[in-house]
Amino acid sequence: MQQPYDLPLEQLRVYQPPLTKRPDFDDFWSETLQELAAVPLRHERTPFDYPVKGVRVYRMTFDGFNHAPIEAWLAFPEQDKPLPGIVQYHGYNWAADNQLHETVNLALKGYAVLQMLCRGQQSGSVDNVISSNGHVTGWMTKGILNPKEYYYRAVYMDAVRALEVLRDLPEVDGSRIGVIGGSQGGALTLAAAALSDIPKLALADYPYLSHFERAIDIAPAGPYGELNDYFRRHCSFPEVETKARETLTYFDIMNLAPRIRCHTWIGIGLIDTITPPSTVFAVYNHLACSKEIGIYRYFGHEPIPAAIMPKLKLMMDYLQ
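In short, a report on the structure. All of these numbers come straight from a predicted model, not from anything done at the bench. (Residues numbered from 1 in each chain as written. Predicted model: local features only at pLDDT ≥ 70, side-chain atom pairs only at ≥ 80, totals over all residues. Heavy atoms only, no water.)

### Things to note about the overall build of the chain
Regarding its fold elements, the chain presents 11 helices and nine strands. Computed over the C-alpha atoms, the radius of gyration of the chain is 19 Å, within 12% of the 20 Å expected from 2.2 N^0.38 for a compact globule of 320 residues. When its C-alpha atoms are laid out on the principal axes, the chain stretches across 60 × 45 × 35 Å. Taking all contacts inside the chain whose residues are at least 6 apart in sequence as the whole, residues at least 24 apart take part in 74%. With an accessible surface of roughly 13,200 Å², the chain has 52% of that area assigned to carbon and sulfur atoms. In the chain, 29 side chains carry a positive charge and 36 a negative one; their mean positions are 3 Å apart. (Helix = DSSP H or I, 4+ residues; strand = E, 2+ residues; numbered from the N terminus. Rg over C-alpha atoms; globule rule 2.2 N^0.38 Å. Contact = heavy atoms within 4.5 Å. Areas by Shrake-Rupley, 256 points an atom, 1.4 Å probe, with all protein chains shown as cover. Lys, Arg positive; Asp, Glu negative; His and termini not counted. Charge placed at Lys NZ, Arg CZ, Asp CG, Glu CD.)

So, in structure tokens, the structure goes:
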């Protein structure tokens, strides 16, 4: 099975394109975090009757960025001592059954698990940030002409708030919390690790929202195509594309990667057509923390069985 379009592995290992962040990048995120801090830490939970013994499951709501109500699942084993915690983030526009079963399965391994449901993408999480520009189908171009209005500004802050909520729970040992997710969830995993000092471990499968400049040009499938569609619809106005690409630099996981300080594992399949391998290696090669990468030659954007045990082992080493 051949890599259909991207760089060979020996080039991927050293692929480190220049960062594209603007001079005010760090100020932008400092101000955004201050806005989040102004939202009181508030959360509620309601028991949910899940048909498995030994685990407690709850529907949860917390106040996210801009005071938006954000839904989540919470699950943890029935025991008295404080538990290590994990925040999970789901894929783009996809969380079958709101990822409930994945949340419970991880809780049964000995963790307090909070699964954040992204605003607008899942029915109970409200996207209340108004954008002043129209956008194409999906979330990638909502608010894209203004970094303060861009969709993922709020989502990244919701991801940070989810960590603060989990740390606040009496059942959780706040010094032992990790983050995990794949695709969009992998991007949120790394964004949360870059923008919060709570995580002790980050596990990201094929992270999305990475190295936009290359992803726009080469991704043959998936939601990066929304950006191309948006630029196509404004083809007579190149200034729209210029401004949109500038906005994306603030949210590019590659630009956030140097801020991550916890141990980080990234997984990528070499035939991934949705998050091209070069975009993932661009992030990995800019990490300045302790790190490791799982490379899976014959897999694409899909569950990778060989990645399961390495991640479980890292959870044991860093959180248990």
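Still to come is the rest of the account.
### A look at the sheet that holds strand β1 (residues 43-48)
On the basis of which strands lie adjacent, the open sheet formed by nine strands has the order β1-β2-β3-β5-β4-β6-β7-β8-β9 and mixed pairing. Single-partner strands in this sheet number two, and they are β1 and β9 (291-296). Between one strand axis and the next, the sheet turns by 20 degrees as a mean value, whatever way the strands run. Summarising the sheet, strand β6 (residues 172-182) and strand β7 (residues 201-205) pair through five bridges and their orientation is parallel. When the bridges of β7 are listed, Gly178 appears paired with Leu201. (Pairing = 2+ DSSP bridges. Axes fitted to C-alpha atoms, helices over the stretch in contact; angles between N-to-C directions.)

### Here's the deal with the environment of Gln88
One can find Gln88 in strand β4 (residues 83-89). Residue class for Gln88 comes out buried when judged on its relative accessible area of 11%. Between the alpha carbons of Gln88 and Ala193 there is a distance of 12 Å; along the sequence they are 105 residues apart. Those residues in contact with Gln88 that lie beyond four places of it in its chain are Glu102, Thr103, Leu106, Val113, Leu114, Gln115, Met116 and Ile180. Polar contacts involving the side chain of Gln88 include one to the side chain of Gln115, which spans 2.7 Å. (Buried < 20%, exposed > 50% of the residue type's maximum accessible area, 1.4 Å probe, protein only. Polar contact = N/O pair within 3.5 Å; in protein donor to acceptor, adjacent residues only side chain to side chain.)

### Side note on the state of the cysteines
In this structure the tally under the stated criterion is zero disulfides. As a non-bridged cysteine, Cys118 has Cys262 as the owner of its nearest cysteine sulfur, 19 Å distant. The thiol sulfur of Cys289 is not disulfide-bonded, and the nearest other cysteine sulfur, from Cys262, lies at 6.3 Å. (Disulfide = S-S within 2.5 Å.)

### Side note on the side chain of Asn255
Looking at the element boundaries, Asn255 is found in helix α9 (residues 253-256). The exposure class of Asn255 is buried, given its relative accessible area of 1%. Looking at Asn255, its side chain comes within polar contact range of the main-chain nitrogen of Lys21, at 3.5 Å. At 2.8 Å, the side chain of Asn255 forms a polar contact with the backbone oxygen of Thr249. Asn255 has contacts with Leu19, Thr20, Lys21, Phe25 and Thr249, leaving out every residue within four places of it along the chain.

### Thoughts on helix α8 (residues 238-249)
Note: α-helices contain 3.6 residues per turn, so residues at a spacing of three or four share the same orientation. For α8, with 12 residues, the first-to-last C-alpha span of 17 Å sits near the 16 Å given by 1.5 Å per residue. Residues of α8 that are buried include every one of Val240, Ala244, Arg245, Thr247, Leu248 and Thr249, and no others. The inward-facing, buried residues of α8 contact α2 (25-37), α6 (212-218), α7 (224-233) and α9. (Expected span 1.5 Å × (residues − 1).)

### A word on the packing of aromatic side chains
Inspection of the entire model under this criterion finds 18 aromatic pairs. With centroids separated by 4.9 Å and ring planes inclined at 80 degrees, the aromatic side chains of Tyr151 and Tyr152 adopt a geometry described as edge-to-face. Each member of the pair, Tyr151 together with Tyr152, is buried. Between Tyr208 and Tyr224, the aromatic rings sit 4.4 Å apart at their centres with planes inclined by 50 degrees, giving tilted as the arrangement. Placement of the pair is Tyr208 in the loop between β7 and α6 and Tyr224 in helix α7, with a sequence separation of 16 residues. Like Tyr208, the residue Tyr224 is buried in the burial classification. Following the ring pairs from residue to residue traces out a cluster consisting of Phe25, Phe28, Trp29, Trp139, Tyr150, Tyr151, Tyr152, Tyr156, Tyr250 and Phe251. (Phe/Tyr/Trp six-rings, centres within 6.5 Å; stacked < 30°, edge-to-face > 60°.)

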